[in-house]
Amino acid sequence: MPGAVEEFLRRDPSVERSTSRHAAQDIELGGVPIPRGSLVVVALGSAGRDAPRAGDAADTGPAVLDVTRPGACHLALGHGIHYCVGGPLARLAAAIALRVLPARVPKLELAVPADSLERIGSGIIRGVLSLPVRYRVG
Ligand code: HEM
């Protein structure tokens, strides 16, 4: 389960972009000069799907959801001084929910086609506007 939670955070993070930063000094990042004072916004979700690393085959690349992936690498909870203070709580809640929900509601399934789900369009927070499900009691 810990590996699955990390992989879900990597593959489909719920925060798309960081809050705004300003470069404290001239820097160069990946060949791009960033002058002092520039507004910098980090595409957190994109970082988790960076170009495949050497040795990644097409079926193990970053677009593939693989809960057995060793050490899923992501920025879904930020990085550095503003790293999410709720990270441990979020990880724990997700692990409990993912374990308990299928056990208590075994026939839980999507009630609509997955590609018809409407996404939140905030540009910062990612998710679906609603998630219709159906299940059988007993
Ligand atoms: C899956 C759930 C969560 C995700 C994906 C998430 C994601 C993030 C990210 C990406 C940042 C950094 C934003 C940036 O650098 O601009 C952040 C910061 C923060 N998060 Fe979360 N978060 C989650 C849950 C929570 C929870 C449960 C709490 C509180 C109980 C929380 C409280 C905070 C606070 C206070 C900050 C700001 C920290 C700072 O600026 O120093 N988060 N979160």
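Note that the structure is a prediction, hence the values are computed from the model and not measured.

Procedures and definitions
- Residues numbered from 1 in each chain as written.
- Predicted model: local features only at pLDDT ≥ 70, side-chain atom pairs only at ≥ 80, totals over all residues.
- Heavy atoms only, no water.
- Helix = DSSP H or I, 4+ residues; strand = E, 2+ residues; numbered from the N terminus.
- Rg over C-alpha atoms; globule rule 2.2 N^0.38 Å.
- Buried < 20%, exposed > 50% of the residue type's maximum accessible area, 1.4 Å probe, protein only.
- Contact = heavy atoms within 4.5 Å.
- Areas by Shrake-Rupley, 256 points an atom, 1.4 Å probe, with all protein chains shown as cover.
- Lys, Arg positive; Asp, Glu negative; His and termini not counted.
- Charge placed at Lys NZ, Arg CZ, Asp CG, Glu CD.
- Donors = N, O, S within 2.8 Å, 3.2 Å for Na, K, Ca; no water.
- Core = buried A, V, L, I, M, F, W, Y, C linked by side-chain atoms within 4.5 Å.
- Domains from an automatic or database assignment.
- Buried area = accessible area lost by both parts, 1.4 Å probe.
- Salt bridge = Lys/Arg side-chain N within 4 Å of Asp/Glu carboxyl O.
- Patch = residues over 30% accessible without salt bridge, like charges linked within 9 Å, V, L, I, M, F, W, Y side chains within 5 Å.
- Axes fitted to C-alpha atoms, helices over the stretch in contact; angles between N-to-C directions.
- Parallel < 35°, antiparallel > 145°, perpendicular 65-115°, else oblique.
- Left-handed = near helix turned anticlockwise from the far one by under 90°.
- Nonpolar A, V, L, I, M, F, W, Y, C, P; charged D, E, K, R; others polar.

### Points about the overall build of the chain
Next, step 1: Helix and strand content of the chain: three helices and six strands.
Next, step 2: Counting from the amino terminus, the chain carries its helices and strands in the arrangement α-β-β-β-β-α-α-β-β.
Next, step 3: Computed over C-alpha atoms, the radius of gyration of the chain comes to 18 Å, more than 25% over the 14 Å expected from 2.2 N^0.38 for 138 residues, which places it beyond the range of a compact globule.
Next, step 4: Based on the C-alpha atoms only, the size of the chain along its principal axes is roughly 65 × 35 × 30 Å.
Next, step 5: For the chain, the proportion of its 138 residues judged to be buried stands at 20%.
Next, step 6: Partitioning the intrachain contacts of the chain with sequence separation of at least 6 by distance along the chain shows that 55% fall at a separation of at least 24.
Next, step 7: A total accessible area of about 10000 Å² is found for the chain, and carbon and sulfur atoms account for 61% of it.
Next, step 8: Across the chain, the centroid of the 16 positively charged side chains sits 8 Å from that of the 13 negatively charged ones.

### Points about the coordination of the iron atom of the ligand
Next, step 1: You will see that the iron atom of the ligand has only one donor from the protein, C84 (SG), lying 2.3 Å away.
Next, step 2: Counting through the fold element by element, C84 comes out in the loop between helix 2 (44-47) and helix 3 (87-104).

### Quick notes on the environment of G127
Next, step 1: Within the secondary structure, G127 is located in the loop between strand 5 (109-110) and strand 6 (133-134).
Next, step 2: The exposure class assigned to G127 is buried, which follows from its relative accessible area of 19%.
Next, step 3: In contact with G127, not counting residues within four places along its chain, are E118, R119 and I120.

### Observations regarding the nonpolar core
Next, step 1: Judged by nonpolar contacts, V5, L9, A76, L77 and A95 together constitute the single largest core of five residues.
Next, step 2: Setting aside anything within four residues of it in sequence, one finds V5 in contact with R91, A94, A95 and L98.

### What to know about the environment of L65
Next, step 1: You can see L65 is positioned in the loop between helix 2 and helix 3.
Next, step 2: Separated by 62 residues in the primary sequence, L65 and G3 place their C-alpha atoms 11 Å from one another.

### Considering the domain arrangement of the chain
Next, step 1: Under the domain assignment used here, the chain contains domain 1 (2-104) and domain 2 (108-138).
Next, step 2: A straight line from the C-alpha centre of domain 1 to that of domain 2 covers 22 Å.
Next, step 3: Counting residues at the interface gives seven residues for domain 1, matched by six residues for domain 2.
Next, step 4: Overall, the association of domain 1 and domain 2 removes approximately 620 Å² of surface from exposure, summing both partners, and the carbon and sulfur fraction of that is 45%.
Next, step 5: Inspection of the domain 1/domain 2 interface yields one salt bridge.
Next, step 6: Between D12 and R126 there is a salt bridge whose closest N-O contact spans 2.8 Å.

### Some thoughts on a nonpolar patch on the surface
Next, step 1: On the surface, L101, L108, L110, L131, V133, Y135 and V137 cluster together into a nonpolar patch covering about 670 Å² of accessible area.
Next, step 2: Structurally, the position occupied by L108 is in the loop between helix 3 and strand 5.

### What about the packing of helix 1 (residues 2-11) against helix 3?
Next, step 1: It is at 9 Å that the axes of helix 1 and helix 3 come closest, and there the two elements cross at 110°. As far as their axial angle goes, helix 3 and helix 1 are roughly perpendicular. The handedness of the crossing between helix 1 and helix 3 is right-handed. In this structure, helix 1 uses V5, E6, F8 and L9 to contact helix 3, whose residues at the interface are R91, A94, A95 and L98.
Next, step 2: Classifying every residue of the contact of helix 1 with helix 3 gives six nonpolar, no polar and two charged.

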